Amino acid sequence: MGHISVTSFRWVKSFWMILLCMVAGIAAGLLFPHESQSLAAAGNLYVSFLKMCVIPIMMTAIVSSIGSLFMNSSALQTIRRMLLVNLIALLVTGIAGLTVGIAGQPGAGLTDESRAVLGSIVNESGGSNEQMPEYANGGMLDFILGMIPSNIFGALLENNTLQILFFSIILGVAVGMVGSKPGEELLQLADVLFHAFQKAISWSMYMLPFGLFCMMAGQFAALNLGILPAMAKLVAMLCLASLLLMALAIATMAVRLKLPVRTIVKAMKETLIIAFGTRNSIAAVPACLSALGEGLGLDPRSTRLVVPLGMIMCRYSMLLVYTLGLTFTAQLYGFSFTLAQWTLVLLGAILVSVAGAGSPGVISIGMIALIAGPLQLPADVTIILLLAVNPIVDPIITTANVLVNCAAASLISPRTGADAHHQKADENRLESLQQPDVPVASSAT
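Bear in mind the structure is a predicted one, so any value in this text is a computation, not a measurement.

### Concerning the overall build of the protein
Turning to step 1, where the next piece is worked out: Within the protein, the regular secondary structure consists of 21 helices and zero strands.
Turning to step 2, where the next piece is worked out: Carbon and sulfur atoms make up 66% of the accessible area of the protein, which amounts to about 21,700 Å² in all.

### Observations concerning the packing of helix H1 (residues 15–31) against helix H12 (residues 261–278)
Turning to step 1, where the next piece is worked out: One way to put it is that H1 packs onto H12 with a least axis distance of 11 Å and a crossing angle of 15°. Taken together, H1 and H12 sit at an angle that is classed as roughly parallel. The way H1 lies across H12 gives a crossing that is left-handed. Across the interface between the two elements, Phe-15, Ile-18 and Met-22 from H1 touch Lys-269, Ile-273 and Phe-276 from H12.

### Focus on the packing of helix H10 (residues 208–221) against H12
Between two packed helices, both the angle of their axes relative to each other and the distance between the axes serve to describe the pair.
Turning to step 1, where the next piece is worked out: Their axes nearest at 9 Å, the elements H10 and H12 cross at an angle of 35°. Here Leu-208, Leu-212, Met-215, Met-216 and Gln-219 of H10 come into contact with H12, specifically with Ile-273, Ile-274, Phe-276, Gly-277 and Thr-278.
Turning to step 2, where the next piece is worked out: Taken together, the residues of the contact of H10 with H12 sort by class into seven nonpolar, three polar and no charged.

### Considering helix H15 (residues 316–332)
Turning to step 1, where the next piece is worked out: The first and last C-alpha atoms of H15 sit 24 Å apart over 17 residues, in line with the 24 Å expected at 1.5 Å per residue.
Turning to step 2, where the next piece is worked out: Following H15 by one or two positions, Gly-334 has its phi on the positive side, about 75°.

### What to know about unusual backbone geometry
Turning to step 1, where the next piece is worked out: You will see that Gln-105, though not glycine, has its phi angle at about 50°, which is positive.
Turning to step 2, where the next piece is worked out: By secondary structure assignment, the location of Gln-105 is in the loop between helix H4 (75–104) and helix H5 (112–124).
Turning to step 3, where the next piece is worked out: What makes Gln-105 partly exposed here is its relative accessible area of 32%.
Turning to step 4, where the next piece is worked out: The phi dihedral of Arg-279 falls on the positive side, at around 55°, and the residue is not glycine.
Turning to step 5, where the next piece is worked out: Tracing the sequence through the fold places Arg-279 in the loop between H12 and helix H13 (285–295).

### What to know about a nonpolar patch on the surface
Turning to step 1, where the next piece is worked out: On the surface, Leu-84, Ile-88, Val-92 and Leu-248 cluster together into a nonpolar patch covering about 340 Å² of accessible area.
Turning to step 2, where the next piece is worked out: The dominant element in the nonpolar patch, judged by the number of residues it contributes, is H4, at three residues.
Turning to step 3, where the next piece is worked out: For Leu-248, the location among the structural elements is in helix H11 (residues 228–257).
Turning to step 4, where the next piece is worked out: Given a relative accessible area of 43%, Leu-248 falls into the partly exposed group.

### Quick look at the packing of aromatic side chains
Turning to step 1, where the next piece is worked out: Summed over all chains, the structure comprises two aromatic pairs.
Turning to step 2, where the next piece is worked out: One aromatic cluster is present, formed by Phe-335, Phe-337 and Trp-342 through successive ring pairs.

### Some words on the pattern of salt bridges
Turning to step 1, where the next piece is worked out: Under the definition given, this model contains two salt bridges.
Turning to step 2, where the next piece is worked out: Residue Arg-301 pairs with Asp-191 through a salt bridge whose shortest N-O separation is 3.9 Å. Here Arg-301 is found in helix H14 (residues 300–313), whereas its partner Asp-191 is found in helix H9 (residues 181–204), with 110 residues between them in sequence.
Turning to step 3, where the next piece is worked out: A salt bridge links Arg-304 to Asp-191, with the nearest nitrogen and oxygen atoms 2.3 Å apart. Here the residue Arg-304 occupies a position in helix H14, and Asp-191 occupies one in helix H9, the gap between them amounting to 113 residues.

### Quick word on H10
Turning to step 1, where the next piece is worked out: Over its 14 residues, H10 extends 20 Å from the first C-alpha to the last, a length consistent with the 20 Å expected when each residue adds 1.5 Å.
Turning to step 2, where the next piece is worked out: Extensive coverage of H10 is indicated by the burial of 11 of its 14 residues.
Turning to step 3, where the next piece is worked out: Considered for burial, the residues of H10 that qualify are Leu-208, Pro-209, Gly-211, Leu-212, Cys-214, Met-215, Met-216, Ala-217, Gly-218, Gln-219 and Ala-221.
Turning to step 4, where the next piece is worked out: If you follow the buried residues of H10, they end up packed against H1, helix H2 (33–36), helix H3 (40–71), H9 and H12.

### Quick word on the confidence of the model for the protein
Turning to step 1, where the next piece is worked out: The pLDDT averaged across the protein works out to 80; a share of 83% of its residues lies at or above 70.
Turning to step 2, where the next piece is worked out: Ignoring residues within four places in sequence, the model shows residues 127–138, a span with pLDDT below 50, making 11 contacts including any to other chains.
Turning to step 3, where the next piece is worked out: Note that residues 418–445 has pLDDT below 50 and, in this model, three contacts with residues that lie over four places away or in other chains.

Parameters at a glance
- Residues numbered from 1 in each chain as written.
- Predicted model: local features only at pLDDT ≥ 70, side-chain atom pairs only at ≥ 80, totals over all residues.
- Heavy atoms only, no water.
- Helix = DSSP H or I, 4+ residues; strand = E, 2+ residues; numbered from the N terminus.
- Areas by Shrake-Rupley, 256 points an atom, 1.4 Å probe, with all protein chains shown as cover.
- Axes fitted to C-alpha atoms, helices over the stretch in contact; angles between N-to-C directions.
- Parallel < 35°, antiparallel > 145°, perpendicular 65-115°, else oblique.
- Left-handed = near helix turned anticlockwise from the far one by under 90°.
- Contact = heavy atoms within 4.5 Å.
- Nonpolar A, V, L, I, M, F, W, Y, C, P; charged D, E, K, R; others polar.
- Expected span 1.5 Å × (residues − 1).
- Buried < 20%, exposed > 50% of the residue type's maximum accessible area, 1.4 Å probe, protein only.
- Patch = residues over 30% accessible without salt bridge, like charges linked within 9 Å, V, L, I, M, F, W, Y side chains within 5 Å.
- Salt bridge = Lys/Arg side-chain N within 4 Å of Asp/Glu carboxyl O.
- Phe/Tyr/Trp six-rings, centres within 6.5 Å; stacked < 30°, edge-to-face > 60°.
- pLDDT = per-residue confidence, 0-100.

Quick look at the structure:
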């Protein structure tokens, strides 16, 4: 009897197989919506398995990375670099969203028919407004208090990623500051658990085509395509802004890593497919770590810290939604903003996108009220319209979010191969320059 190895089924994970299953799922959802809705449960089951593995990966990666940084006394340098790079990335994303919105005018020039459709969407959702949480009274204090878990097991049970992140950071810092042998053994244990759950994720990739087929079928079966003509320009602007950010992220990675664009795309393709299909940035974390570490040669210790933190704290997708959503509403109601008001939109969108870290998409969209209120924009209308269009644009803005986070990680993390070689060569050249031309023994005589 011949032995069948796992490598015999690699074709199941091939790009073309995954793409074929995604297209088949979209077709099934559009052509057979009633039958396809039952497939959504299987797709959700697959995403639940990914999330089950991602949380331990995130915790062990952050604990081991932060612990190692504090043991090696390089924590402050890495933290400073993270803050600077992520701040610049947030500013670039926000400016890109505003620029595309102001230039594209998604809320201006709508026909009477389109305005009637938007009005009907708002009226139909009017009854559910009382069920929406009130965000304008929360503020930054509630965000800070919500970060601290009163019970870590409760946070794990509720899948509260922000509280789990806070606990993992505190534990990593504490272990790193202790710096004893038991602390090193705990970091080694975290490293073993990290690789174990990564192995489980790699096994699940053989089910990725089937999972994506079910998810795509369920998503497109429940899609309300009737709103597309009325909000086509907003959808187009969100897609355009996402594509621009993705192109900029790939170009940044190519320049930083000194690799061809084709190599970057090849290394990241599985990550992008997972992000697009699952519409979940956290679910794409293991694929990101594998692509950046094994595919592009970045330091795994650094990427294990930078990538999970970025995915949770820096939500570039929501920043696009906030800037373009507010631009759309302002144009829809004929508001003419000054430069100071546009600056308020930009800074407010950045702060609220960070403050919504770890929140589900629906709640994050509701937080736009924190920005719309001071600008005298109708927050309820903005929230309802964005919730209506969110299922359509969610796959591409999630993909952009993941890719921008990967680009930020490439700017923060050192390379294990070429960069280390060049750094060693530079050090050797510096030492040779500092040595005297005449040997010390001869010069003494």
